[in-house]
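Inside the fold
Below, each chain spelled out in residue letters.
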Amino acid sequence: MMNSELPASRYADIETVSRELATRIAASLAAAIGARGLASLVVSGGRSPVRLFEILRAQPLDWGHVCVALADERWVSPEDADSNERLVREVLLKDHAAPARFLGLKNGAPTPDLGAVSAWETFARVPRPFDAVVLGMGDDGYTASLFPGSPNLPRALNQAAAAGCVGMWSPAPPHPRLSLNLTALLDSRRITVLITGESKWRTYAAACAAGPVEDMPIRAVLRQSRTPVDVMWAP
């Protein structure tokens, strides 16, 4: 049974939640452009944000003043079907959003660990604090590519660490990943966690309960008070 008292907004379906979130993001980006001349949007990949991207790209923003970047990436070629960069380019950066400036994480280093510094250097061109960050959540409680059991997870979750990228290891192929660390993710004006499906709701309920952050890294985002977090769910 669902716990309606959990701090999340629940929507009827993926269409409704995607339209609501697209409206919020568009408003945030427009406000940032008006106030500072530039706006930044950081997103993750996966299936959940596809409809969001389709709706968002139709928003009549001054997209030429928006910088889009990734919260995490699979260490594969940008042309690979598993690439988050490919997803963003093929689904989000079209129509009105085509003029947006996109900065990917994948570079020519042989491993994410070796490419982490160079990848973070690209973020010097992304306005911070990020104006909007959209994260997902896996069934095991990971977010971005902060996976339970990954060797670098303690370093990635260390809030005393400088903002940056860190090499991570996924339990499912493709295994090598690169992710913003927690400090970087929290350098945001607002974070939205977009989750869909009954199993994800159960995972979210478990994440809201007591337990170590390392067991479910999404807890690190939910439990902090530095950055406002919205959780939006649909079946």
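Higher on the page you've got the structure.
Residues numbered from 1 in each chain as written. Predicted model: local features only at pLDDT ≥ 70, side-chain atom pairs only at ≥ 80, totals over all residues. Heavy atoms only, no water.

**Focus: the sheet that holds strand β8 (residues 176-180)**
Using the following cut-off: Here the rule is simple: two strands pair whenever DSSP picks up at least two bridges between them. Strands here are runs of E lasting at least two residues and helices are runs of H or I lasting at least four, both read from the DSSP assignment and numbered beginning at the N terminus. For helices, the fitted line uses only the C-alpha atoms of the stretch in contact; every axis is such a line through C-alpha atoms, and the angle between N-to-C directions lies from 0 to 180 degrees.
Spatially, three strands are ordered β4-β8-β7 in an open sheet, and the strand pairing comes out antiparallel. On the outer flanks of this sheet lie β4 (72-74) and β7 (165-169), each paired with one strand and no other. The mean angle between the axes of side-by-side strands here comes to 25°, regardless of whether they run parallel or antiparallel. Where β7 meets β8, five bridges bridge the pair, whose relative direction is antiparallel. Across the sheet, the residue bridging to Met168 is Arg177, located in β8.

**Observations regarding unusual backbone geometry**
In most cases, non-glycine residues show a negative phi, while peptide bonds are predominantly trans. The line we're drawing: The cut-offs for exposure are 20% and 50% of the maximum accessible area for each residue type, with area from a 1.4 Å probe on protein chains only; residues under the lower value are buried, those over the upper are exposed, and the others partly exposed.
At the junction of Arg128 and Pro129, the peptide bond is cis and its omega measures out at 0° in the coordinates. Considering the arrangement of structural elements, one finds Pro129 in the loop between α4 (112-122) and β6 (132-135). A cis amide bond, omega -5°, links Pro173 with the succeeding residue Pro174. At Asp95, a residue that is not glycine, the phi angle is positive and equals roughly 55°. The residue Asp95 is located in the loop between α3 (84-92) and β5 (101-103) in this model. Note on Asp95: relative accessible area 53%, which makes it exposed. Look at Ala144: it is not a glycine, yet its phi comes out positive at around 50°. Positionally, Ala144 belongs in the loop between β6 and α5 (153-157).

**Looking at the layout of surface pockets**
This is how it is decided: Here a cavity is any set of points on a 1 Å grid over the protein atoms alone where a 1.4 Å probe fits but cannot get out, and a pocket is any open set with protein on both sides within 12 Å along at least 5 of 7 lines; a residue lines the site when it has an atom within 4 Å of a point. Grid points are joined across faces, edges and corners, and a volume is the space filled by probe spheres set on the points. Residue type decides the class: Asp, Glu, Lys and Arg count as charged, Ala, Val, Leu, Ile, Met, Phe, Trp, Tyr, Cys and Pro as nonpolar, and the leftover types, Gly among them, as polar.
Size it by volume and the largest pocket reaches roughly 750 Å³. Lining the largest pocket we find 35 residues, and of these Gly45, Gly46, Arg47, Arg74 and Tyr142 sit closest to its centre. Elements with a contribution of two residues or more to the lining of the largest pocket: β4, α3, β6, β9 (191-196) and α7 (198-208). By residue number, the principal contributor to the lining of the largest pocket is α3, which donates four residues. Class assignment for the residues of the lining of the largest pocket results in 14 nonpolar, 11 polar and 10 charged.

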